[in-house]
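Structural overview
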Amino acid sequence: MQGTVDGFSYGLVTPVAAFLMACLGGALGLRCTTRSLRHRDSFKAGWLVLGATSIGSGIWTMHFIAMMGFSVRQAPIHYDLPITFASLGVAVVMVGIGIFIVGYRGATALTLVTGGTITGLGVATMHYLGMAGMRLQGRIEYDTLTVAFSVVIAVVAATTALWAAVSVHGFLASLGASLVMGVAVSGMHYTAMAAVSVHLHGTERSTGTGDAATSLLLPMLIGPAVFLILAAVVVMFDPLLVMGDPDWKATAARGPHRPGVPAPRHVPSYGEPANWSARTAGRGARRSVARGGHRSQDW
């Protein structure tokens, strides 16, 4: 018996909420990745871990918010919790591998493609592993071509997201990148769901085993709260994580020195010895003294 599948049982409520969660996780993850790439400090690994956890958790939360709107009219749907939360672990780990490749190997074309492919495959694996946790009195089948297309969307979306983390500057550009990522991830999800068909066993309604979809409401509510807290803490202690590097700093650094205004203190760049400016100043002072001595003798 063919089951009647409905992916929008609550109308636009679940797609919009899922999209917002994907945008929130993507925005925080992209800014954390950007922070780790532009500032070489001892917290680099911590920013990358936070970024991977944010993106992975955001995608996972998006998936199950969207799945709350998925139903088969002839049979109730239940979920196996171990498999459901295993999909979260897979998402975080595989997204983390892709982000760490870009974070430590540099933003070259090869690393972006490699990291984006691994991250995209992690997103697709999370989706289909989460689908494997569904329990109903029937068999779920997939259209192979549509599944392949959904995986391609996931890989392209992940690669684009990593490129945005490297190339995007400023708050508005980062907001646009997170919106694009939310559209891509949501598009991947609903493309994958379009490949689903359900064949029921018999005609009787069954209760099934596992936890119902409504029992996942609590994690769904905790997820947004955790993201909001993380975003607030990050903004509080590192505003540049959201606003980006202001252009006026670079302009001021390149501007001419005005008389009467103290020259800016030289800050050693990455790889430059810390006492380089002191040694340079010392040599300049010695040259001035030497020239002054010769002039006094000539006088």
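Residues numbered from 1 in each chain as written. Predicted model: local features only at pLDDT ≥ 70, side-chain atom pairs only at ≥ 80, totals over all residues. Heavy atoms only, no water.

This model, assessed by the stated rule, comprises one salt bridge. In this structure, the salt-bridge partner of Glu 141 is Arg 139, at a minimum N-O distance of 2.7 Å. Residue class for Glu 141 comes out partly exposed when judged on its relative accessible area of 29%. (Salt bridge = Lys/Arg side-chain N within 4 Å of Asp/Glu carboxyl O. Buried < 20%, exposed > 50% of the residue type's maximum accessible area, 1.4 Å probe, protein only.)

This brings us to the side chain of Thr 119. Within the element layout of this structure, Thr 119 appears in helix H4 (residues 109–132). Exposure remark for Thr 119: the relative accessible area of 6% places this residue in the buried category. Of the polar contacts made by the side chain of Thr 119, one reaches the backbone oxygen of Gly 115; its length is 2.8 Å. (Helix = DSSP H or I, 4+ residues; strand = E, 2+ residues; numbered from the N terminus. Polar contact = N/O pair within 3.5 Å; in protein donor to acceptor, adjacent residues only side chain to side chain.)

A few words on helix H5 (residues 144–167). Residues that lie three or four places apart on an α-helix share one face, since the helix turns once every 3.6 residues. With 24 residues, H5 should reach 34 Å at 1.5 Å per residue; the first-to-last C-alpha distance of 35 Å fits that figure. Listing the buried residues of H5 in full gives Val 147, Ser 150, Ala 154, Val 155, Ala 157, Ala 158, Ala 161, Leu 162, Ala 164 and Ala 165. (Expected span 1.5 Å × (residues − 1).)

Here we come to the packing of helix H3 (residues 81–105) against H4. At their nearest, the axes of H3 and H4 sit 8 Å apart, and the two run at 175 degrees to each other. It follows from the interaxial angle that H3 and H4 lie roughly antiparallel. (Axes fitted to C-alpha atoms, helices over the stretch in contact; angles between N-to-C directions. Parallel < 35°, antiparallel > 145°, perpendicular 65-115°, else oblique.)

With that settled, consider the packing of aromatic side chains. Here the structure, examined in full by the defined rule, presents six aromatic pairs. Plain terms: the ring middles of Phe 64 and Tyr 79 are 6.1 Å apart, the flat faces sit at 75 degrees to each other, and that makes the pair edge-to-face. Of this pair, Phe 64 sits in helix H2 (residues 44–67) while Tyr 79 sits in strand E3 (residues 78–79); the two residues are 15 residues apart in sequence, bridging distant segments of the chain. A relative accessible area of 2% means that Phe 64 is categorised as buried. Centroid distance Tyr 128 to Tyr 142: 5.6 Å. Interplanar angle 80 degrees. Geometry classified as edge-to-face. Highlighted residues: Tyr 128 in helix H4 and Tyr 142 in strand E5 (residues 138–142), separated in sequence by 14 residues. By relative accessible area, Tyr 128 is classed as buried at 19%. Members of the aromatic cluster, each reached through a chain of ring pairs, are Trp 60, Phe 64, Tyr 79 and Phe 85. (Phe/Tyr/Trp six-rings, centres within 6.5 Å; stacked < 30°, edge-to-face > 60°.)

Within the secondary structure layout, His 127 lies in helix H4. With relative accessibility at 1%, the residue His 127 sits in the buried group. What His 127 contacts, discounting residues up to four positions off in sequence, is His 63, Met 188, His 189, Ala 192 and Met 193. (Contact = heavy atoms within 4.5 Å.)

Turning our attention to the confidence of the model for the protein. Chain-level pLDDT for the protein is 75 on average; 68% of the residues reach the 70-or-more range. Per-residue pLDDT, averaged within each element of the protein, yields its smallest value for helix H9 (residues 247–254) (41) and its largest for H4 (92). Note on residues 246–281: pLDDT under 50 across the span, and nine contacts to partners over four residues away in sequence or across chains. Low pLDDT (under 50) marks residues 293–299, which in the prediction has zero contacts with non-local residues, meaning those over four places away or in another chain. (pLDDT = per-residue confidence, 0-100.)

Orientation of H4 relative to H5, taken along the N-to-C sense of each, is 130 degrees, at an axis distance of 7 Å. Comparing their axes, H5 and H4 come out oblique. Once H4 is placed against H5, the crossing between them reads as right-handed. For the pair formed by H4 and H5, the contact residues are Leu 112, Gly 115, Gly 116, Thr 117, Thr 119, Gly 120, Leu 121, Val 123, Ala 124 and Tyr 128 on the first element and Val 147, Ser 150, Val 151, Ala 154, Val 155, Ala 158, Thr 159, Leu 162, Trp 163 and Val 166 on the second. (Left-handed = near helix turned anticlockwise from the far one by under 90°.)

This brings us to the nonpolar core. Residues Met 67 and Phe 70 are the most contacted members of the largest nonpolar core, which totals 48 residues. Secondary structure elements with two or more residues in this core: helix H1 (13–38), H2, H3, H4, H5, helix H6 (171–194) and strand E6 (196–200). Looking at this core, the element that brings in the most residues is H2, giving 10 residues. Ignoring any residue separated from it by four or fewer positions in sequence, one finds Phe 70 in contact with Val 5, Asp 6, Gly 7, Ser 9, Ile 77, Met 134, Met 193 and Val 196. (Core = buried A, V, L, I, M, F, W, Y, C linked by side-chain atoms within 4.5 Å.)

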